[in-house]
Each structure stands twice: as C-alpha cells, then as structure tokens.
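Residues per chain are reported as follows:
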Amino acid sequence: MKKALLLFAAAASLVACNQSQKQEKKAKAEWKQFDVKYPETKKVDTVDEYFGVKVKDPYRWLENDTAKDTEAWVEKQNEVTFGYLDKIPYRDSIKSRYTELMNYPKVSAPRKVGDYFFIYKNDGLQDQSVIYYKKGKDGEEKVFMDPNKMSEDGTVTVSLMGASDDDRYMAYRYSEAGSDWGEIRVRDIEKNEDTGDILKWVKFSGAAWYKDGFYYSRYPAPKDGLELSAKNTFHQVYYHKLGTSQDKDKLIYANKENPKLYHNISVTEDDEYLILNVSEGTENNDIYFRKTANEGGEFKPLIDGFKAKSSVTDHKDGKFYVVTDLNAPNNRFVAIDVNNVDEAGWENILDESESKLNGVSKGGGYLFAQYMENATDKVYRMNYDGSDRVEVKLPGTGSAGGFYAKKEEDKLYYTFTSFTYPNTIFEYNIEKNESKEYYRPELKFNPEDYVEKQIWYKSKDGTDVSMFIVHKKGIELDGTHPTMLYGYGGFNISLTPSFSTSNIILLENGGVYAMANLRGGGEYGEKWHKEGMLMKKQNVFDDFIAAGEYLIKEGYTTKDKLAIAGGSNGGLLVGASMTQRPDLFKVAFPAVGVMDMLRYHKFTVGWGWVPEYGSSEQSKEMFEYLKGYSPLHNLKKGTDYPATMVTTADHDDRVVPAHSFKFAATLQEKHAGTDPVLIRIAVRAGHGAGKPISKIIEEQADKWSFMFWNMEYADLPGAE
C-alpha cells in the first residue's frame with residue numbers, strides 16, 4: 001500500500017488500513033479524471049533576427065500586460081488552474097494545517113531611534129506586520145503604523161527607511177500590490193503624524209538623512225499604462241528638504257551619458273561625507289565621495305573602473321573602512337586614507353581568507369566581521385584596526401543577521417535561524433560580547449523531531465557542490481519520500497539555512513527538503529559566482545540536475561517523487577532544468593522566472609542583469625549561448641514534461657509576467673504528456689516582497705496540493 005501522507009499526527013491512529021485502501025482507490029480514480037483543457041492561445045507572426053538567425057516569437061502579444069486580450073487570457077488561465085486545484089480533495093486540509101502553523105506571533109528585532117524602540121509585529125495571521133513603538137525599553141507599546149488599515153485587501157506595505165539625525169522624523173516606504181515602485185513618506189515620531197511629504201517614482205533607494213532633509217534616488221515618471229513594464233532608465237539622486245514639494249527637490253547626481261546605471265547615496269555616521277554608489281547592474285560597482293559641506297562639489301573616485309564589488313562600512317579619523325573583492329575573490333577589509341585613495345596605499349585590516357568575508361558592520365564603537373563558512377555564518381567582534389578579535393557565540397550552525405547599532409549604543413539585537421530553528425532574536429551586550437535570548441516564537445511543531453545535514457556531491461564536471469538536506473529523524477532511505485529540491489544559483493546570492501513554516505507541511509509527512517549551493521551563488525566567494533555566470537551559466541543547471549540525481553541515487557526519493565522549485569533567477573533555473581532533463585523530475589515550480597533570455601533586458605530593470613547573463617544583442621556567440629538554454633526557446637514539441645505550475649503575479653515589475661505568460665503558453669502547446677502544465681497568476685501581487693499572509697497561505701497550500709496530487713499521494717484527509 002502506498003505510504004500514507006498524514007497531515008495530522010492524530011489521524012494515523014484513527015484511520016484503519018482497510019479504510020485507507022478504499023480512500024486510496026477512490027482518490028486514484030478521481031485523479032485519473034482530472035482532464036485539463038487549456039485555453040486556446042492565439043499566435044501572431046512575430047519574428048526577430050539575431051546575427052542572421054530568425055527567431056519566432058508567436059506569443060509576443062502577451063508582453064502587453066494591460067491589453068484587454070492579455071487580461072482575458074490571464075482570466076481564462078486562472079479559471080483552468082483553480083478549477084484543477086479545486087478538485088484536489090485534500091487541498092482544504094493542507095490549507096487548514098498551514099494556517100494553523102502560520103498562526104503564531106512574529107516579532108522583529110527592535111530598532112532604537114533616540115529614546116524610542118520600534119518593532120514589527122504580526123499577531124499570527126495579519127496580512128501585514130504592524131509597526132509598534134515605545135518610549136524607553138519598558139515604555140507602553142503603541143501602534144506607529146498599521147498597513148492593514150491602509151487597504152481593503154492587505155496589499156499595502158510600509159517599511160521604515162531611517163530617522164533624521166535629531167531622531168524627530170522617520171522616513172518610510174509606502175508601496176502597493178507588491179510593486180517595486182514606492183513612495184517615500186515622512187512621519188513625525190513624537191506626534192505619530194505624517195508631515196505631508198510624499199516622493200513618487202522611487203525604486204531601489206534609501207533615505208540618507210542630512211540636516212533638515214535626506215538624499216534619495218528615483219526614476220523619471222513612466223508613461224501612463226507602462227508603469228509595470230517599461231524599461232527604467234536614468235536613475236538619479238535628489239535631496240529633499242522637509243516641508244517642500246517634490247518638484248523643489250535638488251538634483252544631486254545624474255549621468256546623462258549612460259542611462260543604464262544605478263545611483264545611491266549614503267551619509268557617513270559622522271556626517272562628514274557623502275558616499276555615492278554607482279553600479280552597471282547587479283555585478284561590480286564604483287564608489288565616489290565628497291564632503292557633505294561641499295555642496296555642489298565634484299564627487300571624487302574611491303574605487304572606480306567597475307572592476308570590483310565594494311561597500312563602505314564607516315569613516316573614522318580620515319579613513320574609509322571598506323569591504324572589497326578587488327584582487328580578493330573572497331573579500332578583504334581595508335582602510336583607505338581619504339587623501340590617498342590609490343590601492344598601493346590601502347591598509348589591509350582583514351586579509352582574504354579561505355572563508356568568504358560576507359560583510360563588516362559597526363556598532364557601539366566596534367566592528368563586526370561576518371564570514372560564511374560552508375554556507376553558514378560566523379561573526380567576530382573587533383576593533384577598527386582588527387585587534388582584539390573575538391567570536392560572537394551563536395546558538396548553533398545557521399544564519400545570523402542584524403549586527404548594527406550607532407556608535408553610542410551598548411546593545412544591539414540580532415536574529416538567528418536554521419532549517420529547524422525558528423527565527424529567534426537575541427539581545428547582545430557589545431562590550432561584554434554576551435548574548436541572551438530576547439524573543440523565541442512558539443510554533444505548533446517540535447524541531448527535535450527533525451534533522452538537518454550538509455552533504456557534498458559531484459557535479460557533471462567533477463566539481464564538489466554542497467547541499468543541505470532536512471527530514472524527519474529515522475526515515476529509511478528507500479526512495480519513497482516526496483522530495484522538494486530548491487535552488488537559485490546566481491547574482492552572487494547565498495542560500496543559507498533558514499526556517500520555513502511552509503516546509504513543515506512536507507517534513508511532517510515524511511518528505512525531504514533539499515537546498516543546493518549551486519555555482520553562480522555567493523556561498524564560496526566571487527570565484528564560485530563567476531563559475532556560474534555569462535558563458536558558464538550551464539554549470540548552474542548541471543549542478544542542480546546532479547543534485548537531483550544524487551537524491552535518487554542515495555535513496556531519498558525517485559524521479560516519480562522529485563519536485564524542483566525556484567524563484568526569479570531560480571525560476572530560470574527550474575525552467576532550464578526541466579527543459580534539459582524532463583525525465584528526471586515529476587513536478588516543477590518555476591516562480592516569477594526569467595524565461596525569455598533573448599528579450600529579458602528590454603523590460604523594467606532587466607538591463608541591470610546583463611553583467612550576469614550577457615545579452616542576445618552583444619555578440620553572436622552570446623546570442624547562441626543564451627538561446628541554447630533559454631527555457632522559452634528550448635521547449636520541444638512532443639516532449640513529456642513534468643507536472644508544472646508556473647507562478648507569477650500581475651504587478652511583478654521586476655521579472656515582468658510576460659516571461660511566465662509566454663513560457664506557459666508554449667509549454668501547453670508543446671507538452672505531450674498527461675501531467676498538467678498550468679500557470680497560477682496572482683492578482684494585486686508582485687515579485688514576492690510584501691505579499692499578504694492570506695495570499696501566502698493560499699499559494700503554498702496550492703503548491704503542496706499540486707505536488708502531492710501529481711505524485712499520486714491519494715490517501716489524505718478529505719479524499720473521501
């Protein structure tokens with residue numbers, strides 16, 4: 001008899017074996033009746049030519065996300081998808097269990113601003129976390145902002161951006177429906193009232209306070225109707241003086257010769273310098289500086305030439321303290337004299353080591369160096385010259401963040417997590433180097449029942465790749481376990497252990513969760529990153545495919561019980577892997593993915609990914625390489641693809657939904673198997689950030705239902 005998937009532990013003792021067999025037979029019969037009739041998607045004769053090669057793009061019309069025919073297509077696709085999901089008999093049981101798991105208080109680390117402490121808090125199932133504040137550590141806690149009251153559907157998000165130097169005002173970001181577009185607004189902390197300052201068309205910006213205003217970055221206003229799809233260019237820096245309208249803001253920096261650059265400004269804590277960060281995209285950046293008092297003066301180069309990734313931690317006593325990978329793929333920490341910025345004069349505070357230096361932050365007069373050792377965090381407190389370095393004792397092996405405070409503070413708050421360790425906040429005494437638990441959430445599951453481990457496996461070319469595996473203690477490696485393999489592999493982003501309430505649905509039912517640290521990521525430094533970008537991108541897919549083969553070989557699962565998932569660049573990963581090895585995976589979840597590698601750079605901020613991917617227009621060789629793995633262009637007619645649920649959102653203005661629309665339409669056209677290939681399109685949602693908890697619960701319940709059903713796990717509560 002098929003191993004039962006039990007959503008509630010108590011159900012095991014209540015369901016007799018013969019009853020399970022009857023349910024299984026009936027549910028299997030229902031499973032066979034899930035015929036899917038895909039909506040007809042019209043084709044338009046559209047052809048592009050690249051270096052003499054003609055490429056058809058019959059679903060180009062779906063790129064116009066606001067057109068009536070596109071909206072009608074979205075509606076019909078959702079009807080089919082939700083019609084299918086509605087038939088899964090245990091979908092409601094999974095949703096109920098996930099709702100129960102999610103219903104616990106969630107609290108952020110406190111943020112100190114003058115005499116006030118700010119925290120984000122969610123009582124369990126609120127769509128958005130509420131921002132509270134209190135005067136003094138033991139003061140009365142009051143609501144500062146409640147985004148749940150700012151919209152009827154819970155899709156408005158607010159986030160604190162930073163307080164004025166006198167701790168009187170707080171800048172915050174206001175955004176709707178998950179869009180990257182946002183407004184900067186300002187609130188008087190003592191009065192808890194907005195000042196009326198509203199800055200529009202802000203994207204990828206901070207709020208760097210100085211005197212009676214702040215610096216921020218924005219784009220020119222897009223044309224009406226193209227807000228979510230038009231290419232974003234000419235990112236510019238402005239200074240906004242409180243109490244004035246946005247049209248009075250002073251332009252601080254713009255590059256009119258190169259529209260495809262990001263510009264961001266910060267102010268050193270001592271208010272001595274402006275730091276201008278300029279980047280071509282998601283790869284290397286330049287850093288410039290000037291005295292804050294020198295209004296209108298020229299910015300001087302600190303590190304230029306787009307030859308490294310660098311960030312300024314602080315300025316102190318005439319020196320900039322900088323993390324850089326210049327001539328150090330695993331990063332080093334240097335002091336640069338403001339009067340002699342030539343590399344020959346740099347002072348190495350922390351030399352490059354075998355472990356990646358992830359960053360250096362500051363607080364209470366000390367520096368905190370955070371290293372990544374085998375994709376897990378180690379943190380050290382030290383003086384500015386690197387002396388008296390001591391390790392901050394973390395509660396285990398996992399991920400930590402939040403080591404920042406102003407220089408006058410004696411405490412800071414950090415968060416620690418792992419796959420089986422829920423996000424827990426610690427209060428850290430900076431001088432004593434001592435931590436104590438500040439807040440630990442109480443969840444309706446026992447982490448002691450599970451085990452997490454890290455293994456190494458061989459990729460196609462023999463490269464050793466690490467992978468985390470999580471499952472119930474004592475499971476047999478008999479190939480019977482539903483397994484979710486997750487990956488990303490790009491943009492120097494590191495996947496480290498973190499807690500997911502959603503994964504409990506899989507784990508408590510005997511499933512296995514695996515997360516691979518693929519090339520292209522940042523887990524093992526810049527060399528590891530470069531081995532998975534541009535003309536080496538195929539390494540990422542090879543690593544992921546090899547991870548799946550390892551899980552099968554070692555007896556965790558079989559190809560009939562192996563699912564793959566990833567979002568954004570990870571959606572590209574899933575799309576490429578399922579087109580290259582459709583025989584290896586049973587279920588695929590490409591989420592908000594970059595699926596059209598020939599045109600991705602033509603939408604919103606896609607041009608910023610060219611340093612990572614290359615462009616179809618830059619050379620014939622690059623065009624051929626991109627076309628060789630582009631998920632959209634490698635779907636082959638007559639192929640039996642995995643059961644697939646593409647997910648995207650109508651307000652995703654980072655990876656525009658056209659990628660997923662065109663991929664899903666092509667997949668439905670060419671798929672020859674009987675497994676469903678669907679697209680689930682969220683409404684009033686974006687790339688992922690700020691998604692309401694109600695939408696998260698629905699989406700995750702649909703994901704697990706779709707996966708279990710297509711793995712033919714039939715004997716579940718509700719399958720009656």
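Residues numbered from 1 in each chain as written. Predicted model: local features only at pLDDT ≥ 70, side-chain atom pairs only at ≥ 80, totals over all residues. Heavy atoms only, no water.

K.L.:
Just checking my understanding: could you explain the nonpolar core for this structure?
P.N.:
For soluble globular proteins, the rule of thumb is that nonpolar side chains tend to be buried together. Counting 112 residues, the largest nonpolar core has Tyr-457, Met-467, Leu-485, Tyr-613 and Met-707 as its most contacted members. Setting aside chain neighbours within four positions, we find Tyr-457 in contact with Thr-463, Asp-464, Val-465, Ser-466, Met-467, Ala-516, Leu-518, Asp-543, Ala-546, Ala-547 and Tyr-550. (Core = buried A, V, L, I, M, F, W, Y, C linked by side-chain atoms within 4.5 Å. Buried < 20%, exposed > 50% of the residue type's maximum accessible area, 1.4 Å probe, protein only. Contact = heavy atoms within 4.5 Å.)

K.L.:
Explain helix H12 (residues 693-710) to me, please; I cannot follow it from the model alone.
P.N.:
Every α-helical turn comprises 3.6 residues, leaving residues that sit three or four positions apart pointing alike. Taking 1.5 Å of rise per residue, 18 residues should cover 26 Å, and H12 covers 26 Å from first to last C-alpha, within 8% of that figure. Most of H12 is tucked away, with 14 of its 18 residues classed as buried. In the segment just after H12, Glu-712 is the residue with positive phi, at about 60°. (Helix = DSSP H or I, 4+ residues; strand = E, 2+ residues; numbered from the N terminus. Expected span 1.5 Å × (residues − 1).)

K.L.:
What exactly am I supposed to notice about the pairing of strand S17 (residues 273-279) here?
P.N.:
Sheet faces and side chains relate simply in a regular strand, where the side chains alternate between the two faces. For S17, the buried fraction is high: six of the seven residues fall into the buried class. As defined by bridge partners, strand S16 (residues 262-267) adjoins S17 across six bridges and the pair is classed as antiparallel. By the bridge assignment, Val-267 is partnered in S17 with Leu-274. In textbook terms, the turn of a hairpin is the stretch between consecutive antiparallel strands, and for S16 and S17 this stretch comprises five residues, one of which, Asp-271, has a positive phi near 65°. Sheet topology note: the S17/strand S18 (residues 285-291) ladder contains seven bridges and is antiparallel. Of the residues in S18, the one forming a bridge with Ile-275 is Phe-289. The antiparallel hairpin formed by S17 and S18 contains five residues in its connecting segment. (Pairing = 2+ DSSP bridges.)

K.L.:
Hey, could you run me through the environment of Thr-313 in this one?
P.N.:
One can find Thr-313 in strand S20 (residues 310-316). A residue is classified by how much of its surface remains accessible, and Thr-313, at 12% relative accessible area, is buried. Along the backbone, Thr-313 and Ser-361 are 48 residues apart, and their C-alpha atoms lie at a distance of 6.0 Å. Not counting the four nearest positions on each side in its chain, Thr-313 is found in contact with Tyr-321, Val-323, Phe-333, Val-360, Ser-361, Lys-362 and Leu-367. A distance of 2.9 Å separates a polar atom in the side chain of Thr-313 from the backbone oxygen of Val-360. (Polar contact = N/O pair within 3.5 Å; in protein donor to acceptor, adjacent residues only side chain to side chain.)

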